[in-house]
Amino acid sequence: MSNKKNDPAGTDDAIILMFLSLVEEDGIEVPITLNVKGVIVSGILIGANAYYEGISEISKQLKDNTMSKIIGKKFTVLKEAYLKQLEDSKEENPATFLHLKDITFTGVEGYSHSNWWRGRISSIDAISFDPRSLG
């Protein structure tokens, strides 16, 4: 599926590229299931900006106020750098990661849950979605 030398996104999969366009350019959230090296990752595909904002927002709930401020600030800086990169780019931004929220992992050990996930596009072995979930 991947042609890393010619494709900076790490994929030539038209469906993944279409979903990236929907979440990055249109702000749409897409329920999706991925197979990554034998682990099933299910969640809601979101844009990078939404990912950074989500982490910054959730960090406000940390009991350690110092850690909360540090994580919130760091992710705000990352978001601003990402937005500047988009603004400065004369070509389409070559995404190398997918961002998901409300995740369930299914693997050899059973199930586990997480709120946020960032995964390398080139590591995706398979993708599944239900078109009815798109609206």
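This structure is a prediction, so every number in the text was calculated from the model and none was measured.

Chemist: Can you help me understand helix α3 (residues 65-88) in this one?
Modeler: In an α-helix, one turn spans 3.6 residues; hence positions three or four apart end up facing the same way. Compared with the 34 Å implied by 1.5 Å per residue over 24 residues, the 34 Å span of α3 between its first and last C-alpha is a close match. Listing the buried residues of α3 in full gives S68, G72, K79 and Y82. Buried residues along α3 sit in contact with α1 (14-25) and α2 (48-59). Of the residues flanking the start of α3, the one acting as N-cap is D64, its side-chain oxygen 3.0 Å from the backbone nitrogen of T66.

Chemist: Where do I start with unusual backbone geometry in this structure?
Modeler: In most cases, non-glycine residues show a negative phi, while peptide bonds are predominantly trans. Look at K37: it is not a glycine, yet its phi comes out positive at around 55°. Checked against the element boundaries, K37 lands in the loop between β1 (30-36) and β2 (39-46). Owing to a relative accessible area of 61%, K37 belongs among the exposed residues under this scheme. Unusually for a residue other than glycine, D102 sits at a positive phi of about 55°. Here D102 is to be found in strand β3 (residues 97-107). Here D102 falls in the partly exposed class, since its relative accessible area comes to 48%.

Chemist: Would you mind showing me how to read the side chain of K101 here?
Modeler: Structurally, K101 is set in strand β3. Among the polar contacts listed, one links the side chain of K101 to the side chain of E29, at a separation of 3.0 Å. Those residues within four positions of K101 in sequence are excluded, and the remaining contacts are E29, G43, I44, I46, N115 and W116.

Chemist: It is not clear to me how the environment of V41 should be interpreted in this structure. Could you clarify?
Modeler: Within the secondary structure, V41 is located in strand β2. You can call V41 buried: its relative accessible area is 2%. Sequence spacing of V41 and S112 is 71 residues, and the spatial spacing of their C-alpha atoms is 9.9 Å. Setting aside residues up to four positions removed in sequence, V41 forms contacts with I32, T33, L34, V36, L100, I103, T104, F105 and W117.

Scoring rules and cut-offs
Residues numbered from 1 in each chain as written. Predicted model: local features only at pLDDT ≥ 70, side-chain atom pairs only at ≥ 80, totals over all residues. Heavy atoms only, no water. Helix = DSSP H or I, 4+ residues; strand = E, 2+ residues; numbered from the N terminus. Expected span 1.5 Å × (residues − 1). Buried < 20%, exposed > 50% of the residue type's maximum accessible area, 1.4 Å probe, protein only. Contact = heavy atoms within 4.5 Å. Polar contact = N/O pair within 3.5 Å; in protein donor to acceptor, adjacent residues only side chain to side chain.

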